Every structure is written in structure tokens, then in C-alpha cells.
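# Coordinate analysis (summary)
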Amino acid sequence: MGLDNAWWWKMAADDKLGIQRCLGCLTLRHPPRPMCGDCHSLEWDAVEASGKGSICSYTVLRHPQFPGYEYPLVIVLVDLEEGTRVTSQLVGCEPEDVDFGLQVEMLIQRDPDGFKLPVFKLAGSA
Amino acid sequence: MPISLKDEAAIAGIGLTDFSKQSGVSELSLAAQCIKSACDDAGISPGEIDGLVTYTLDSSDEVEVARAVGASDLSFFSQINYGGGAAVGTIAQAAMAVATGQASNVVCYRAMNGRSGKRMGQGVSGDISSSDLIHWSWYTPYGMLIPGSWIAMVANKYMHRYGVTREDLGRVAISQRNHALRNPRAYGYGKPLTMEQYLNSKQIAEPLCLYDFCQETDGACAILVTSAERARDLKQKPAVIRAVTQASSRGQEQMTSYYRDELISLPEMELAAKRIYDMSGLGPDDIDAACLYDAFTSEIIMQLESFGFCGAGEGKYLVREGALDVDGRLPNNTHGGLISEGYIHGMNNIAEGVRLIRCDSTSQPEKAVEHVLVSSGVGVPTGAMILGRG
Ligand SMILES: [Zn+2]
């Protein structure tokens with residue numbers, strides 16, 4: 001973690017999906033950066049995302065298999081309804097059921113060490 | 001002082017080591033061998049080298065290399081970042097140095113035990129401190145650890161949007177493998193690839209399968225850049241640098257530029273294309289052959305669009321009509337490329353561009369090759385150049 005991103009993981013530890021917001025022009029941005037590329041303000045805060053979005057793109061990772069992950073691993077790029085995009089995992093979904101444009105919802109996954117990771121599931125699925 | 005790099009510098013020598021999966025020697029040894037070979041090719045002594053350029057990822061520092069090959073005084077040395085995106089960037093540095101008198105004989109090199117040593121496919125790791133490592137921290141916790149996983153996200157979106165099929169990617173892999181069948185240096189030499197083999201191969205990162213990936217190779221490649229004027233007096237026919245540029249565009253990330261509006265084009269390659277066509281006064285119709293960067297097959301189809309050989313979404317048609325084959329509109333990676341010759345991070349694609357200009361490829365097209373387009377890494381800050389006859 002560094003000074004520019006630790007806050008996002010702290011929000012995740014509180015079960016929240018954070019989005020950085022420029023206080024100069026109120027533009028949302030992700031991944032976080034120390035300065036706004038539009039108005040150059042260094043001032044920002046964070047808003048909590050609704051966690052709702054749709055699948056912009058995805059890939060199914062099958063090989064090589066690294067320890068600590070369950071394969072096949074469905075990775076998604078999610079267009080959040082707030083307008084920013086986030087890279088994450090799609091859980092509880094068979095690889096053949098993932099598709100472009102499907103609605104998804106964020107949930108927090110906790111690994112054995114207690115580290116919390118915002119991931120997604122298909123909207124309405126268990 | 002020249003205000004453009006057009007026709008200022010030329011590639012006068014290329015040098016390569018053997019390619020293998022286990023070189024048994026150090027990367028510094030590979031670097032020294034390929035540089036000596038490039039000097040021999042041009043007919044100059046390594047003592048005449050006064051400039052060296054490599055990749056930030058290369059383990060052989062300039063002064064170590066200089067001592068190893070017996071170079072004397074160096075007046076120019078630099079390193080370019082972003083993996084395979086550095087390939088043409090090293091040539092841009094060398095051409096600028098030559099054109100401005102910073103150095104006379106600049107060698108660009110990349111030496112790697114890419115299979116037996118540090119493998120690119122083993123992913124990123126390390127303590128999170130630099131801005132680059134924080135960048136990777138958005139992906140690694142989710143299991144996106146290898147280049148194929150980063151590229152697959154873009155390839156999938158592009159293929160979905162334009163109806164590009166796995167067979168289209170297979171056609172790229174097979175075209176390059178067919179070139180490699182004639183190149184004794186190539187991994188793919190003597191190993192034909194059929195569409196059936198391609199379609200039945202192991203899925204790695206959907207939609208990409210085993211044969212969509214480049215090789216992992218031990219080997220090295222050096223490119224000697226000098227002034228176009230001097231190159232004409234040396235041993236080989238010069239490959240004159242008609243235009244060369246680096247390119248990175250708004251919102252660029254290293255491999256994961258996922259937050260720009262569309263994921264169905266390569267904005268940095270479009271920038272490179274505009275700049276090299278403007279600089280050279282040439283256009284897509286003037287390009288006779290290409291060595292497009294090919295860490296993954298999908299990148300070839302997208303670049304056909306970036307460099308204006310067809311419109312958006314039409315790259316698949318060029319591939320289907322055999323444009324990339326030796327008798328096609330744009331013979332591409334006639335040595336086999338990174339996919340079927342070996343993966344020397346794009347430097348070996350530059351060497352093939354030079355061979356095409358010299359009429360010296362093992363898959364030399366029958367038509368006259370006046371201009372060759374060479375590009376660097378896809379999905380990263382990159383570059384491109386046009387080589388022409390001297
Ligand atoms: Zn702002």
C-alpha cells in the first residue's frame with residue numbers, strides 16, 4: 001500500500017467500495033491519483049459506490065494456476081453506475097454464464113487472513 | 001540542426017545469438033555476443049561503439065556491456081521503460097543521438113534468459129512502494145498476474161464488438177508459423193501448426209489459447225544505428241530510418257488501460273501511426289511488409305486497423321484474405337515473430353525488418369519491399385518506425 005491507495009483498501013476493510021472524487025471539479029476517478037488531471041486540484045474525498053454496475057469486459061483465467069486462487073477464475077471489468085470502471089472478480093458464476101452487459105452487484109470477500117476484497121456477483125444471484 | 005529524424009539515421013548492422021530454452025550462459029554474455037555480431041555484420045570494430053541503449057528490464061548495464069565488448073569512450077547511454085514497448089524506443093533514442101551528434105555508432109540491445117532465467121509469464125510481485133507497483137496492486141489481488149490476463153480483457157471486448165473469431169486469431173498464428181517453417185533460428189522451425197491443433201489447444205486466458213501467446217526464449221539481439229551517410233559506406237545495404245517515434249496516449253496504463261472510453265482500439269498505436277506517416281510523408285499504401293509486435297495474436301489484427309491498412313473492425317477481413325502471408329498484401333513477421341521465432345522483447349522483429357529491406361529474409365516476398373513498418377509492445381507505452389532502402 002502507498003499514500004495514494006491505502007484509503008481505498010481501508011474502505012474495503014469497512015465493507016465499502018470507494019471511488020475517489022475531486023473536490024475541485026467533483027469528477028470521479030479510478031484508479032486513484034494524487035492530482036486531478038482535469039482541474040489539477042490536490043483536494044479529494046471518497047464516495048461510497050452503490051456497488052451496482054454492468055460487465056464491460058471479462059476474461060476467464062485457466063492457466064497457469066497460482067496458489068491462493070480458485071480456477072477457472074472469472075475476471076470482470078465493471079462499469080459502475082456512478083460512471084467509473086473497476087477491475088474485479090466475478091464469484092459464484094460458471095464461466096459459460098458470464099457475458100458482456102450483464103448486471104452485477106458488489107460483495108465483500110474475506111480471505112483466510114482476514115483481508116477483504118470487493119468482488120462482484122451476477123445481480124439477483126445468491 | 002535537423003528538425004526531423006526523417007532519413008537521418010540508418011541501421012547498419014544486426015546481430016543475434018542462437019535462440020534456445022536454456023542458453024547456459026549469462027545474460028551479459030548473450031549481450032556481448034549479439035553486439036559483437038552486429039558490429040561484424042556492419043564491418044566495424046566494437047571499439048567504435050560510442051553509444052548504448054537498452055531496456056530498463058535488461059539486466060546487463062551499459063558499462064558492463066561496454067567493458068565486455070571492448071567499447072572505448074561512450075558519449076550516449078540510456079534505457080527505455082515498459083517492457084516490449086521499449087523496442088522501437090531504443091531506436092528512436094539512437095537515431096536522435098546520431099542526428100544530433102551525441103554519438104556516431106549506437107548499439108541498441110536486449111539480452112535475456114527469458115525461459116531459463118526470469119520469465120515474463122511468472123507475473124509481478126514485490127513490496128508495494130513505487131507508483132508502478134501500486135498500479136499492479138489493482139490487479140494482482142484478483143489473480144491478474146500475467147500479461148495474457150491483462151491483454152485478454154481488451155482482446156475479448158474487441159472480438160465481441162467486431163465479430164472476430166478464434167479462427168481469425170488462429171489464422172494469424174498459422175501464418176506466422178508458416179514463416180517460421182523456413183527460418184532455422186525459429187522455435188517453430190520444422191513444427192507446422194494446423195487450425196485443428198490451434199482450436200484444440202489449452203485455454204489460458206479466454207479468449208486466448210496457448211498458440212496465441214509468444215514464446216519464452218533465451219537469446220539476444222543487437223541493432224547498430226549510425227548516420228545514413230556513414231551506413232552507405234559500410235558492409236551491408238543500409239535500412240534507412242524514414243521515421244521513428246515513441247507513443248503513449250491519454251489515460252495510458254502499463255498493460256491495463258481499461259479506463260478509457262473504448263477498449264476496441266489502440267490509441268497509442270494510432271498516435272504512433274500518425275506521427276510516422278507525417279514524418280516520412282508516407283502512408284499505409286506505401287508500406288510493403290510489416291513486423292507488428294506480436295506478444296499475442298489479437299494484437300496483430302488490432303494494429304492493422306491502428307496503422308490504417310483497413311478501417312475499424314475490418315482487420316479480420318485482411319487476415320481472412322491472407323494479407324499477412326508471404327504473397328499477401330502485407331507480409332507480416334516473416335521470421336515467425338515473437339510467437340513463432342522467439343521472444344527477444346521485439347528486438348528480433350526489428351532485425352527482421354532490416355532483413356526485409358536487405359532482401360535477406362528466409363521468407364522474402366517476391367514483390368519489391370521498399371518500406372517496412374515495425375512496431376513495439378501493444379497495450380503499453382510504445383513506438384513505431386518505418387524502414388526504407390538506402
Ligand atoms: Zn478536478
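### Regarding the overall build of chain B
For chain B, the count of helices and strands is 13 helices and 11 strands. A compact globule built from 390 residues would reach a C-alpha radius of gyration of about 21 Å, and chain B, at 19 Å, matches this within 12%. Projected onto its principal axes, the C-alpha positions of chain B cover 55 × 50 × 40 Å. The 390 residues of chain B split such that 64% are buried. Residue pairs at least 24 apart in sequence account for 76% of intrachain contacts in chain B once pairs closer than 6 positions are excluded. With 33 positive and 45 negative side-chain charges, chain B shows a spacing of 3 Å between the two charge centroids.

### Section: unusual backbone geometry
The linkage connecting His 63 of chain A with the following residue, Pro 64 of chain A, adopts the cis geometry, with an omega of -5°. Following Glu 206 of chain B, the chain continues into Pro 207 of chain B via a peptide bond in cis, with omega recorded as 10°. Turning to its location among the elements, Pro 207 of chain B is positioned in the loop between β5 (203-205) and β6 (208-209). Here Met 255 of chain B, not a glycine, exhibits a phi torsion of approximately 80°, which is positive. With respect to the helices and strands, the residue Met 255 of chain B is situated in the loop between β8 (239-247) and α9 (267-280). On the basis of relative accessible area, Met 255 of chain B is assigned to the buried category, the value being 13%.

### Topic: the coordination of the zinc ion
Residue and element names in this part refer to chain A. Within the protein, the atoms that donate to the zinc ion are Cys 22 (SG), Cys 25 (SG), Cys 36 (SG) and Cys 39 (SG), at distances of 2.3 Å. In this structure, the zinc ion is coordinated by 4 donor atoms arranged in tetrahedral fashion, with angles at the metal of 96 to 115°. Summarised as a motif, the one-chain spacing of the donors to the zinc ion is C-x2-C-x10-C-x2-C. Here the residue Cys 25 occupies a position in the loop between β1 (18-22) and β2 (28-29), and Cys 36 occupies one in the loop between β2 and β3 (44-48), the gap between them amounting to 11 residues. The exposure class assigned to Cys 25 is partly exposed, which follows from its relative accessible area of 32%.

### Digging into the nonpolar core
By size, the foremost hydrophobic cluster in this structure holds 147 residues, and its most contacted members are Leu 90 of chain A together with Ile 11, Ile 223, Phe 307, Ile 350 and Leu 373 of chain B. Domain assignment of the residues forming this core places at least three in each of domain 1 (6-48) and domain 2 (52-122) of chain A. Discounting chain neighbours no more than four positions away, the residues touching Leu 90 of chain A are Ile 55, Val 74, Val 76, Val 98, Val 104, Phe 120, Lys 121 and Leu 122 of chain A. Of all hydrophobic cores here, the second largest spans 27 residues; its members include Leu 30, Ala 71, Ala 231 and Val 240 of chain B.

### Focus on the environment of Ile 55 of chain A
Residue and element names in this part refer to chain A. Note on placement: Ile 55 falls in strand β4 (residues 52-61). In sequence terms Ile 55 and Glu 82 are 27 residues apart; their C-alpha atoms lie 14 Å from each other. Contact partners of Ile 55, with chain neighbours within four places excluded, come to Val 76, Leu 77, Leu 90, Val 98, Asp 99, Phe 100, Gly 101, Leu 102, Val 104 and Leu 122.

### Topic: the packing of aromatic side chains
Applying the stated criterion across every chain yields a total of 11 aromatic pairs over all chains. The interplanar angle of 55° and the centroid separation of 5.0 Å between the aromatic rings of Tyr 58 of chain A and Phe 100 of chain A together place this pair among those described as tilted. On the criterion of sequence distance, the pair formed by Tyr 58 of chain A in strand β4 and Phe 100 of chain A in the loop between β6 (85-89) and β7 (103-110) is long-range, its members being 42 residues apart. Each member of the pair, Tyr 58 of chain A as well as Phe 100 of chain A, is classed as buried. With a centroid separation of 5.9 Å and 90° between ring planes, the pair formed by Tyr 139 of chain B and Tyr 258 of chain B is classed as edge-to-face.

### Re the interface of chain B and chain A
In this assembly, 32 residues from chain B lie in contact with 33 residues from chain A. Buried area between chain B and chain A, summed over both chains or domains, comes out near 2900 Å², and the portion from carbon and sulfur atoms is 62%. Inspection of the chain B/chain A interface yields 2 salt bridges. Linking Glu 206 of chain B and Arg 62 of chain A is a salt bridge whose minimum nitrogen-to-oxygen distance equals 2.6 Å. Here chain B and chain A share 18 residue pairs in polar contact (both at pLDDT 80 or more) between them. Sort the elements by how many residues they give to the side of chain B that touches chain A and helix α5 (residues 147-162) of chain B lands first, with 6 residues. Each residue belonging to the side of chain B that touches chain A can be placed in one class, and the counts come to 16 nonpolar, 9 polar and 7 charged.

### Considerations on the environment of Leu 28 of chain B
Inspection of the secondary structure puts Leu 28 of chain B in helix α1 (residues 27-42). C-alpha of Leu 28 of chain B to C-alpha of Met 385 of chain B: the two residues are 357 residues apart in sequence and 27 Å apart in space.

### Points about α9 of chain B
All names here are of chain B. The terminal C-alpha atoms of α9, which comprises 14 residues, lie 20 Å apart, in line with the 20 Å expected from a rise of 1.5 Å per residue. For α9, every residue scored as buried is listed here: Glu 268, Met 269, Ala 272, Ala 273, Ile 276, Tyr 277, Met 279 and Ser 280. Burial along α9 is one-sided: seen end-on, the buried residues are contained in an arc of 165°. Turned more than 90 degrees off the buried face of α9, the exposed positions are Lys 274 and Asp 278. The inward-facing, buried residues of α9 abut β8, α10 (297-306), β10 (371-375) and β11 (382-389). Phi turns positive one or two residues past the end of α9, at Gly 281, with a value near 75°.

### Digging into the domain arrangement of chain A
Residues and elements named next belong to chain A. We note that the domain assignment places domain 1 (6-48) and domain 2 (52-122) within chain A. The C-alpha-based centres of domain 1 and domain 2 are spaced at 21 Å. Facing 12 residues of domain 1, the contacting portion of domain 2 comprises 12 residues. Taken together, the two surfaces of domain 1 and domain 2 that pack against each other cover about 1000 Å², and 76% of this comes from carbon and sulfur. For the pair domain 1 and domain 2, the number of links is 1 salt bridge. Linking domain 1 to domain 2 there are 2 residue pairs in polar contact (both at pLDDT 80 or more). Every element with two or more residues in the side of domain 1 that touches domain 2 is listed here: α1 (6-13) and β2. Here the side of domain 1 that touches domain 2 gets 4 residues from one element, more than from any other, and that element is α1. Residues that form the side of domain 1 that touches domain 2 fall into these classes: 7 nonpolar, 1 polar and 4 charged.

Basis of the calculations
Residues numbered from 1 in each chain as written. Chains lettered and ligands numbered in written order. Predicted model: local features only at pLDDT ≥ 70, side-chain atom pairs only at ≥ 80, totals over all residues. Heavy atoms only, no water. Helix = DSSP H or I, 4+ residues; strand = E, 2+ residues; numbered from the N terminus. Rg over C-alpha atoms; globule rule 2.2 N^0.38 Å. Buried < 20%, exposed > 50% of the residue type's maximum accessible area, 1.4 Å probe, protein only. Contact = heavy atoms within 4.5 Å. Lys, Arg positive; Asp, Glu negative; His and termini not counted. Charge placed at Lys NZ, Arg CZ, Asp CG, Glu CD. Donors = N, O, S within 2.8 Å, 3.2 Å for Na, K, Ca; no water. Tetrahedral: all angles 85-135°; square planar, octahedral: opposite > 155°, others 65-115°. Core = buried A, V, L, I, M, F, W, Y, C linked by side-chain atoms within 4.5 Å. Domains from an automatic or database assignment. Phe/Tyr/Trp six-rings, centres within 6.5 Å; stacked < 30°, edge-to-face > 60°. Buried area = accessible area lost by both parts, 1.4 Å probe. Salt bridge = Lys/Arg side-chain N within 4 Å of Asp/Glu carboxyl O. Polar contact = N/O pair within 3.5 Å; in protein donor to acceptor, adjacent residues only side chain to side chain. Nonpolar A, V, L, I, M, F, W, Y, C, P; charged D, E, K, R; others polar. Expected span 1.5 Å × (residues − 1). Arc of directions from axis to C-beta.

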